Amino acid sequence: MNRGFFITFEGGDGSGKSTQISILRECLIEKGYDVILTREPGGTDISEKIRELILDPENGEMEDITEAYLYAAARAQLVRQLIKPALEEGKVVICDRFVDSSIAYQGFGRGLGDAVGIINTYAVDDCMPDLTILLKLDPERGSSRIAGREHDRIEQASDEFHRKVYEGYLKLEEKYPDRILGVDASGTIQEIADEISHRLDEIMER
Ligand SMILES: Nc1ncnc2c1ncn2[C@@H]1O[C@H](COP(=O)(O)OP(=O)(O)O)[C@@H](O)[C@H]1O
Ligand SMILES: [Mg+2]
């Protein structure tokens, strides 16, 4: 049994995940929670090495299915080495992206469909988030927010790809309304942070 609380952040590139995660982390620490922050792909030495492989713009010949397996492999390691032990110790784990990213990017974006969920069953090993915050922002606005920064292999993919990813996220939100909390990410950083903290207070009280 998990004694902790597992929160994941989802949304397109530039939707504000990193920004909101660091605000939420501070807010939870202030309230006295023991918070562990991690990210996908990555979060363990092995998973960070897999991350480099996946995101390297030089790996243009990577097959979509290879990409899906690499994300799942990185996740399998992260779940077992870091997330589960932290939850068992009663910590709050915040993860920047998790399995919904695979469903949205590889399932919907790359068009691999249901294969992605199947591949990930053993990777996730029943360790699903208690809450997933989906930052909903039109992909064109997201991409203009990150226009100045260097783009990894996935961020470099076409606008059409990112549109499919976004639509995939909306389908996931509809399919898992109890777990996925959609938040309008077009407001100011403070407005979004207030909305998240307000909704989370309600959920964590239960
Ligand atoms: N609500 C917001 N309004 C305007 N700019 C934002 C907002 N949230 C984040 N940003 C900026 O947009 C960029 C991408 O945000 P970031 O948190 O890195 O997104 P992600 O982690 O989802 O890719 C950063 O430069 C960040 O400062
Ligand atoms: Mg980020």
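Residues numbered from 1 in each chain as written. Chains lettered and ligands numbered in written order. Predicted model: local features only at pLDDT ≥ 70, side-chain atom pairs only at ≥ 80, totals over all residues.

Participant: Lay out the overall build of the chain with the relevant residues and their values.
Facilitator: A tally of helices and strands in the chain yields 8 helices and 5 strands. When the helices and strands of the chain are read in sequence order from the N terminus, they spell out β-α-β-α-α-β-α-α-β-α-α-β-α. Relative to a compact globule of 206 residues, whose C-alpha radius of gyration would be 17 Å, the chain shows 16 Å and is just as compact. Structurally, the chain occupies a C-alpha span of about 45 × 35 × 30 Å along its principal axes. (Helix = DSSP H or I, 4+ residues; strand = E, 2+ residues; numbered from the N terminus. Rg over C-alpha atoms; globule rule 2.2 N^0.38 Å.)

Participant: I'd like a rundown of the sheet that holds strand β1 (residues 5-10), residues and numbers included.
Facilitator: A sheet is described by the order of its strands in space; here 5 strands give the open sequence β2-β3-β1-β4-β5, paired in parallel fashion. Of all strands in the sheet, those with a lone pairing partner are β2 (35-39) and β5 (180-184), marking the two edges. Adjacent strand axes in the sheet meet at a mean angle of 20 degrees when their direction is disregarded. Two strands pair when backbone bridges link them, and β1 and strand β3 (residues 92-96) are joined in this way by 5 bridges, in the parallel orientation. (Pairing = 2+ DSSP bridges. Axes fitted to C-alpha atoms, helices over the stretch in contact; angles between N-to-C directions.)

Participant: Break down helix α7 (residues 159-175) for me, citing the residues and quoting the values.
Facilitator: Its 17 residues place the ends of α7 24 Å apart at the C-alpha level, agreeing with the 24 Å of an ideal helix rising 1.5 Å per residue. For α7, the complete set of buried residues consists of H162, K164, V165, Y166, Y169 and L172. Residues of α7 that are buried in the fold lie against β1, α4 (99-109), β4 (131-136), α6 (139-145) and β5. (Expected span 1.5 Å × (residues − 1). Buried ≥ 20, exposed ≤ 12 C-beta atoms within 10 Å, placed from the backbone. Contact = placed C-beta atoms within 7 Å.)

Participant: Describe unusual backbone geometry, and please don't skip the residues or the numbers.
Facilitator: Residue E40 is joined to P41 through a cis peptide bond whose omega torsion reads -15 degrees. Locating P41 in the fold gives a position in the loop between β2 and α2 (45-55). One non-glycine residue, D125, lies in the positive phi region at around 55 degrees. The phi torsion at D126 lies on the positive side, around 65 degrees, for a residue other than glycine. Within the element layout of this structure, D126 appears in the loop between α5 (115-124) and β4. Classification of D126 as exposed rests on a count of 9 C-beta atoms within 10 Å.

Participant: Which residues make up the packing of α2 against helix α3 (residues 64-88), and what values go with them?
Facilitator: Where α2 contacts α3, the axes come no closer than 8 Å and their chain directions differ by 165 degrees. Relative to α3, α2 is oriented roughly antiparallel. For the pair α2 and α3, the crossing hand works out as left-handed. Contacts between α2 and α3 involve I46, S47, I50, R51, L53 and I54 on the former and, on the latter, E67, L70, Y71, A73, A74, Q77 and L78. Among the residues forming the contact of α2 with α3, the class breakdown is 9 nonpolar, 2 polar and 2 charged. (Parallel < 35°, antiparallel > 145°, perpendicular 65-115°, else oblique. Left-handed = near helix turned anticlockwise from the far one by under 90°. Nonpolar A, V, L, I, M, F, W, Y, C, P; charged D, E, K, R; others polar.)

Participant: Describe the nonpolar core, listing the residues and the values that go with them.
Facilitator: Counting residues in each nonpolar core, the largest one holds 44 residues, and the members touching the most others are I83, V93, I94, A104, I133, L135 and V183. With 8 residues, the single largest contributor to this core is α3. Among residues more than four places away in sequence, those in contact with A104 are G109, V165, G168, Y169 and L172. (Core = buried A, V, L, I, M, F, W, Y, C linked by C-beta atoms within 7 Å.)

Participant: Give a detailed account of the environment of K49, specifying residues and quantitative values.
Facilitator: As for its placement among the helices and strands, K49 is situated in helix α2. Judged by the 13 C-beta atoms lying within 10 Å of it, K49 is partly exposed. Measuring from C-alpha to C-alpha, the distance between K49 and L135 comes to 27 Å, with 86 residues separating the pair along the chain.

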